[in-house]
Amino acid sequence: MTEPKDILQKILNREIYYHEDERCFLNANGDKVYIKSIIFPVTYLNRVAAQINLIDITTSFLYEENLEEINKELNTLVDEKNMLLKEVHHRVKNNLQIMLSLINLDSRYHPNDSDQVLGSAKNRINAMALMHEKIYRSSDLAHINIKEYIETEVNYLFDLYGVENIEINYLLDDLELSMDTAIPLGLIINEMIINVIKYAFPNGEDGKLSIILHASSNKVTLILADNGVGAPKDLDAENSSSLGLTVVRGLVNQINGSITRLDRPGTAYMVEFLLE
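So, here's what we can say about the structure. Quick caveat, the model's predicted, so the values are computed rather than measured.

**Some thoughts on unusual backbone geometry**
Positive phi is not limited to glycine here, since R14 has a value of about 60°. The residue R14 is located in the loop between α1 (4-12) and β1 (19-26) in this model. One non-glycine residue with positive phi stands out, namely N46, at about 60°.

In structure tokens, the structure reads:
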């Protein structure tokens, strides 16, 4: 940077006719002050002199500095929103593929019962829509509180089917899951709850349903257990050809988990998977 005395000498020698510069100084309080200097030659008493104008540009300088920082933050936010938008498109595509696969599977099991196929599709779509509603109402678009989701979904299904004879016991950890895990898990819960509603208490007798969600270290355990009539003793959750378990098994595989039938009165299943 050219020294002020050198500039002044060139002005007096008429080597240059105009010069401006901006510099930062500290005032008596230790605050930064930005000064713009403008120097040009003038004639004074028949001699060449230099006129120096000093302008305090602190306010405008800080404004531009802050504006630049704001623009950087806005550009970062735009980039993040663009990434989130791509992620939303990716999720929608994956979710539609899941729904299409489930509808095709349901159609193979019920080729002549369109009401059954459409009814199942409606419940699954609702489960997925509820998941998306909760995620988009959240400040975190990448994760969902699965505890809140489970309670809302179960209440919806009980209202939909007019269930009044089943008492629900929740034991749920307050757990945040990514959408890639939460969507399949929500559909697993949807399938299992509907199975309890339809088959656990066929004569409308009073019963209980326990839903347990526990996270330990990096593993999550989900247990749904009822005290209803129970499934056949020889039913193998890993190999059964029944539609409900086929659907649940496929969804469990999506989260790289496992499903086990527990040996207890009624019907109880345990799903385990690792946190991402």
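**A closer look at the environment of D21**
Summarising the element assignment, D21 is placed in strand β1. Remark: the alpha-carbon pair of D21 and K36, spanning 15 residues in sequence, is separated by 5.6 Å. Polar side-chain contacts of D21 include one of 2.6 Å to the side chain of R23.

**Here's the deal with the pairing of strand β7 (residues 207-216)**
Here strand β5 (residues 166-172) pairs with β7 via seven bridges, running parallel. Residue N169 lies in a different strand from β7, and its bridge partner there is S210. Pairing of β7 with strand β8 (residues 219-226) involves eight bridges; the strand directions are antiparallel. Across the sheet, residue S216 finds its bridge partner in β8, namely K219. Turn length for the β7-β8 hairpin, with the two strands adjacent in sequence and antiparallel, is two residues, and the turn residue S217 shows positive phi of about 55°.

**Some words on the sheet that holds β1**
Read from one edge of the open sheet, three strands run β1-β2-β3, paired in antiparallel fashion. Only two strands of the sheet have a single neighbouring strand rather than two, namely β1 and β3 (47-56). For this sheet, the mean angle separating the axes of adjacent strands, direction not counted, is 30°. Bridge count for β1 against strand β2 (residues 32-44) is eight bridges, and the pairing is antiparallel. Looking at β2, one finds that C24 is bridged to Y34.

Rules used in this analysis
Residues numbered from 1 in each chain as written. Predicted model: local features only at pLDDT ≥ 70, side-chain atom pairs only at ≥ 80, totals over all residues. Heavy atoms only, no water. Helix = DSSP H or I, 4+ residues; strand = E, 2+ residues; numbered from the N terminus. Polar contact = N/O pair within 3.5 Å; in protein donor to acceptor, adjacent residues only side chain to side chain. Pairing = 2+ DSSP bridges. Axes fitted to C-alpha atoms, helices over the stretch in contact; angles between N-to-C directions.

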